[in-house]
Amino acid sequence: MAPGADGRVSVLREPGPALARFVAERAAAGSGRFALGVSGGSLVELLALHLPPAVGSCPAAPARWLLAFCDERLVPPEHPDSTAGAYEARLLPRLPGPGPRVLAPNPGLSPAAAAADYAAKLRQAFPGEDVPVFDLLLLGVGPDGHTCSLFPGHPLLQEQEAIVAAITDSPKPPPERITFTLPVLNAAKAVVFVATGEGKAAVVKRILEGDEENPLPAARVRPHSGQLCWVLDEAAAKELTIPVENSIL
């Protein structure tokens, strides 16, 4: 995927504060609900550190937010691998109250039942929409090019009907997860990928400058009518030769 018309690439020395300002200002831009979907991993700490002060400095009342999780490992909330548990413990208590409405999967169910239950919650939260349209999705990317729990070569990359899918054979533990599918990712009004560290440099170059017949999962995220932005630190961007920007906004 070559960016250009398909997306912006922003390289920042410290992505956290700028990303948090972008989220807060995006949330404050409208008067209605702000639907935000987040991934886990390093994004949790980044948002926990920088989003509360950014929200506090502009009228981005979290009470208007719907917060959902783009994928989840089916482990108890107190488990260190739980995405919802990490946000509940590290980010939500730091946001000004009242806090957002949180849409979380039920990790006590089987993978298939958890996917169906979460899909039903999404359909209830997005009535009248065949595919939920989020205002903003914040995604990560693994060194192998996976995003959410969509992994290279996995059959779920071909899923076009379900909005949430179960995975029982994740190549990265734990094996049982649920995940948004590509139709949901590509329906969003805005998608921001965040990648930091030298360990992501090779895959970032492959996604942003490659033109592969069988693209990596993250390269398949190209919102149909929304915005796409990659936010990188200098280490993750070190192998890029394409033009980049130094601002998200």
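Cut-offs used in this document
Residues numbered from 1 in each chain as written. Predicted model: local features only at pLDDT ≥ 70, side-chain atom pairs only at ≥ 80, totals over all residues. Heavy atoms only, no water. Pairing = 2+ DSSP bridges. Helix = DSSP H or I, 4+ residues; strand = E, 2+ residues; numbered from the N terminus. Axes fitted to C-alpha atoms, helices over the stretch in contact; angles between N-to-C directions. Contact = heavy atoms within 4.5 Å. Phe/Tyr/Trp six-rings, centres within 6.5 Å; stacked < 30°, edge-to-face > 60°. Buried < 20%, exposed > 50% of the residue type's maximum accessible area, 1.4 Å probe, protein only. Lys NZ or Arg CZ within 6 Å of the ring centre and 35° of its normal. 1 Å grid on protein atoms, 1.4 Å probe; cavity = no way out; pocket = protein on both sides within 12 Å on 5 of 7 lines; lining within 4 Å. Points joined across faces, edges and corners; volume = space filled by probe spheres on them. Nonpolar A, V, L, I, M, F, W, Y, C, P; charged D, E, K, R; others polar.

A. Region of the structure containing the sheet that holds strand β7 (residues 164–167). In spatial order, the strands read β4-β8-β7; together these three strands make up an open sheet with antiparallel pairing. Two strands in the sheet have a free side with no partner beyond their single neighbour: β4 (71–73) and β7. This sheet shows a mean twist of 20 degrees between the axes of neighbouring strands, independent of strand direction. Taken strand by strand, helix α4 (residues 111–125) contacts β7 and β8 (177–180), and its axis lies near 165 degrees from that of β7.

B. Molecular detail of the packing of aromatic side chains. Per the stated rule, a full pass over the model turns up six aromatic pairs. For the ring pair tyrosine 118 and phenylalanine 180, a centre distance of 6.2 Å and an interplane angle of 20 degrees mean the geometry is stacked. Here the residue tyrosine 118 occupies a position in helix α4, and phenylalanine 180 occupies one in strand β8, the gap between them amounting to 62 residues. Judged by relative accessible area, which is 1%, tyrosine 118 ranks as buried. Residue classification places phenylalanine 180 among the buried residues on the basis of a relative accessible area of 0%. With 4.3 Å between their ring centres and 15 degrees between their planes, phenylalanine 193 and tryptophan 230 make a pair best called stacked. Of this pair, phenylalanine 193 sits in strand β9 (residues 190–195) while tryptophan 230 sits in strand β10 (residues 227–232), placing them 37 residues apart in sequence. Accessibility expressed as a relative area gives 1% for tryptophan 230, which makes it buried. Over the ring of phenylalanine 126 we find arginine 33; its NZ or CZ atom is 4.5 Å from the centre of that ring.

C. Examining empty space enclosed by the protein more closely. Summed over the entire model, instances satisfying the criterion amount to one cavity of 30 Å³ or more. Computed from the structure, the largest cavity encloses a volume of approximately 40 Å³. Along its surface, the largest cavity is lined by Leu36, Val38, Leu47, Leu51, Trp65, Leu67, Tyr87, Leu91, Leu92, Leu95 and Pro100. Secondary-structure elements contributing two or more residues to the lining of the largest cavity are β2 (34–38), α2 (42–56) and β3 (65–69). Residues of the lining of the largest cavity, tallied by class, amount to 11 nonpolar, no polar and no charged.

All we've got here are geometric facts, nothing functional implied.
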